[in-house]
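Observations on the three-dimensional arrangement
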Amino acid sequence: MSQHTREGSITSDHIKVTKRHGNSFRDKLYLPAIYDGVKVTFKHLFKNLNNINDIETLRYPEEQPTDITQRWRGLHRLTHRADNSIACVACFMCSTACPSNCIFIEATQRQDGKDEKMPASFFIDTLECIFCGYCVEACPCDAIRMDTGIFSLTGNKREDFVMNKEQLLSHKGAFAEEISCARN
Ligand code: SF4
Ligand code: SF4
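Keep in mind it's a predicted model, so treat the numbers as computed, not measured.

The rules we used
Residues numbered from 1 in each chain as written. Chains lettered and ligands numbered in written order. Predicted model: local features only at pLDDT ≥ 70, side-chain atom pairs only at ≥ 80, totals over all residues. Helix = DSSP H or I, 4+ residues; strand = E, 2+ residues; numbered from the N terminus. Buried ≥ 20, exposed ≤ 12 C-beta atoms within 10 Å, placed from the backbone. Contact = placed C-beta atoms within 7 Å. Near = placed C-beta within 6 Å. Nonpolar A, V, L, I, M, F, W, Y, C, P; charged D, E, K, R; others polar. Core = buried A, V, L, I, M, F, W, Y, C linked by C-beta atoms within 7 Å. Expected span 1.5 Å × (residues − 1). Pairing = 2+ DSSP bridges.

Bringing the overall build of the chain into the picture now. Helix and strand counts for the chain come out as five helices and seven strands. Going residue by residue from the N terminus, the α and β elements of the chain occur as β-β-α-α-β-α-β-β-α-β-β-α. Split into buried and exposed, the 184 residues of the chain put 17% on the buried side. Taking all contacts inside the chain whose residues are at least 6 apart in sequence as the whole, residues at least 24 apart take part in 70%.

Take a look at the structure:
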């Protein structure tokens with residue numbers, strides 16, 4: 001037996017018939033379902049009240065998380081070289097890899113002879129960022145990291161969430177040394 005759809009026909013062998021729920025008299029009354037839901041809520045409420053120290057959730061912001069691991073991706077930072085100069089060489093690899101197109105770099109000539117270029121400006125729009133870490137992986141100079149451990153960012157206007165070069169350079173690493181492993 002076959003059935004015709006917009007995509008074509010499919011045979012009954014490929015159709016999985018599932019039982020419809022919610023048609024019984026009990027289901028149509030709604031009250032038993034509400035009772036079941038409230039019962040689960042109160043069960044957890046009393047369990048947590050009896051064991052307040054074992055609650056899995058944090059009373060944030062009074063309590064802060066203490067189990068952020070090194071692999072966790074927080075707010076970005078730009079790293080320094082040993083002489084404290086910026087490690088970034090404005091190669092645009094991070095902005096090219098970024099799926100959100102939220103990295104904006106303007107390159108300028110580097111005057112200290114260490115490399116050809118450096119960023120004149122470097123912005124990350126954290127409202128667009130999806131914290132995927134592709135920028136960190138794409139960087140050939142270890143110039144951008146997401147190991148700040150900063151998980152909370154607040155602001156009053158959209159511009160507060162756009163990190164500029166100076167802000168990104170000022171963020172400290174929560175786990176690793178400050179110095180980039182790029183050549184110095
Ligand atoms: S973490 Fe992902 S989305 Fe955010 S700036 Fe880096 S590449 Fe773009
Ligand atoms: S942060 Fe890394 S990938 Fe991005 S422009 Fe600078 S050197 Fe290139």
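Around ligand 2, a shell composed of 13 residues is seen, among which Cys88, Cys91, Met93, Cys94 and Cys139 lie nearest. Split into classes, the residues belonging to the shell around ligand 2 amount to 13 nonpolar, no polar and no charged.

Next up on the list: the nonpolar core. Core analysis: the largest hydrophobic core is formed by 19 residues, its most contacted members being Leu78, Cys88, Cys139, Cys141, Ala143 and Ile144. By residue number, the principal contributor to this core is strand β5 (residues 117–125), which donates three residues.

This part takes up the site of ligand 1. Around ligand 1 sit 14 residues, and of these Cys98, Cys129, Cys132, Tyr134 and Cys135 come closest. Counted by class, the shell around ligand 1 contains twelve nonpolar, two polar and no charged residues.

An α-helix turns once every 3.6 residues. As a result, residues three or four positions apart point the same way. Given a rise of 1.5 Å per residue, 20 residues ought to cover 28 Å, and the 28 Å separating the end C-alpha atoms of helix α2 (residues 31–50) matches this to within 8%. Among the 20 residues that make up α2, zero are buried, leaving the element largely open to the surroundings.

Ordered in space as β4-β5-β7, the three strands form an open sheet in which the pairing is antiparallel. Each edge of the sheet is formed by a strand with only one pairing partner; in this case those strands are β4 (103–109) and β7 (162–163). As judged from the seven bridges shared by β4 and β5, these two strands associate in the antiparallel manner. What sits directly across from Ile105, in β5, is Phe122.

With two bridges connecting them, β5 and β7 associate as antiparallel partners. Within β7, the position partnered with Asp125 by the bridge is Val162.

The subject of this paragraph is the environment of Thr69. Residue position: Thr69 is located in the loop between α2 and β3 (77–78). Owing to 8 C-beta atoms within 10 Å, Thr69 belongs among the exposed residues under this scheme. Each C-alpha atom, one on Thr69 and one on Gly149, is 8.4 Å from the other, the two residues being 80 residues apart in sequence.

Quick look at unusual backbone geometry now. Here the residue pair Tyr60 and Pro61 is connected by a cis peptide bond, since its omega of 10 degrees sits within 30 degrees of zero. Inspection of the secondary structure assignment puts Pro61 in the loop between α2 and β3. Unlike most non-glycine residues, Asn101 shows phi in positive territory, near 50 degrees. Looking at the secondary structure, you find Asn101 in the loop between α3 (93–97) and β4. A positive phi angle, near 50 degrees, is found at Asp142, a position not held by glycine.

Structurally, the position occupied by Ser121 is in strand β5. Take Ser121: there are 13 C-beta atoms within 10 Å of it, and that puts it in the partly exposed class. Residues Ser121 and Lys165, 44 residues apart in the sequence, show an inter-C-alpha distance of 6.0 Å. Once residues within four sequence positions are removed from consideration, Ser121 is found in contact with Glu106 and Lys165.

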